[in-house]
Amino acid sequence: MPELPEVEIIKKSLQKNVLFKKIDNVLIKNRNLRFKIQRNLKKFLIGKKIINISRKSKYLIFHFKEDYFLIIHFGMSGTLHLIKNNCIHQSNLSFYKSQTLPKKHNHVELIFSNFKIVYNDPRRFGFFKFLFSYDQLKLFFKKVGPEALDSKFNFGYLKKKLQSKEKNIKNILLDQKFVSGLGNIYVNEILYYSRINPYTKGKYINDYKKKKIIKYSKEVLRKAIKRGGSTIRDFKNAKGNIGSFQNEFKVYNRVKKNCLREECNGKIERVVISSRSTFLCKYCQK
DNA sequence: AAGAGGCCCTGATAGC
DNA sequence: TGCTATCAGGGCCTCT
């Protein structure tokens, strides 16, 4: 689920529903995520009021008084569910189309006065991390590159950083230390819009293409946010609002379909780059 | 220092 | 129907 646009949607939804609310209780059902949930997380959170909710690339951040922070990462399969009065509130918060909370893999419940939010993560690649100061927060994000939507991710940055890169451009854009917030779906899309072959080494990306990468990175992400993000997996008992950007994919998941550029007769192919699915039209991505 | 590859997990689906 | 293999939106760690 969680590339930058999806986390942004979750953030907005939380801002509507849980901002300025106090955490009354915390249930930790399963500590095993990418990193084991801190022993004292419950103690840290109980009684604290959420005074701000922000997002940095794919990370969601709860802010508390006195520079305490909770960072949530959703990995591959993390979802948040807002549950009011014993039923699931139909908001963007729930990325599952089902109306019931998943029975398995609920790891953490944050309980408020008349609702709770539940973190579910079957594959356990996500994590919760509680931080105790602004310095810790800064340190944490030191290892993360500029966010794709940030003005720091610009032509000059690419010019400097791509110069001697031997790596292919697809892996470069997926590297969160290089630029953060992009995942497999959006990198596929961005390279299609930019007419760049994903195998192209960083050092061979010319200035014209660099500008395209910057332009379309921002454009694709902004549009995806507008559409409420992308939802790949369709659950059968479907109801509820989820993202629609998947309907606008140009290459992702479009194997053997026609290239959507009018002047192009190519077909979309699937190849594997560093064991990740890669979709491209070899005719217009050079 | 940079890059490649293995690995952490569960669940859905395709193919036999 | 039931088995097996493959694939999935991420990123950390280790080795070279």
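Before reading further, recall that the structure is shown in the block above.
So, here is what we can say about the structure in this document.

Conventions we followed
Residues numbered from 1 in each chain as written. Chains lettered and ligands numbered in written order. Predicted model: local features only at pLDDT ≥ 70, side-chain atom pairs only at ≥ 80, totals over all residues. Pairing = 2+ DSSP bridges. Helix = DSSP H or I, 4+ residues; strand = E, 2+ residues; numbered from the N terminus. Axes fitted to C-alpha atoms, helices over the stretch in contact; angles between N-to-C directions. Contact = placed C-beta atoms within 7 Å. Core = buried A, V, L, I, M, F, W, Y, C linked by C-beta atoms within 7 Å. Buried ≥ 20, exposed ≤ 12 C-beta atoms within 10 Å, placed from the backbone. Expected span 1.5 Å × (residues − 1).

Attention shifts here to the sheet that holds strand 3 (residues 59–64). Read from one edge to the other, the open sheet built from four strands follows the order 2-3-4-9, with strand pairing classed as antiparallel. Where the open sheet ends on each side, the last strands, each with one partner, are strand 2 (52–56) and strand 9 (127–131). Neighbour-to-neighbour, the strand axes of this sheet turn through a mean angle of 20 degrees, independent of strand direction. Judged from the five bridges that link them, strand 2 and strand 3 form a sheet pairing that is antiparallel. Bridge pairing in strand 3 places Asn-52 opposite His-63. In the packing of helix 1 (residues 4–17) onto the sheet, contacts are made with strand 2 and strand 3, and the angle to strand 2 comes to roughly 175 degrees. Contacting strand 2, strand 4 (68–73) and strand 9, helix 3 (residues 134–142) crosses the sheet at an angle of about 140 degrees to strand 9.

In terms of nonpolar packing, the biggest core is built from 60 residues, with Leu-173, Leu-182, Ile-190 and Val-251 touching the most fellow members. In contact with Val-251, not counting residues within four places along its chain, are Asn-188, Glu-189, Tyr-192, Ile-268, Phe-279, Leu-280 and Cys-281.

This next bit is on helix 7 (residues 207–226). The first and last C-alpha atoms of helix 7 sit 29 Å apart over 20 residues, in line with the 28 Å expected at 1.5 Å per residue. Buried residues along helix 7 sit against helix 1, helix 4 (155–162) and helix 6 (184–193). Looking at the residues trailing helix 7, positive phi occurs at Gly-228, about 80 degrees.

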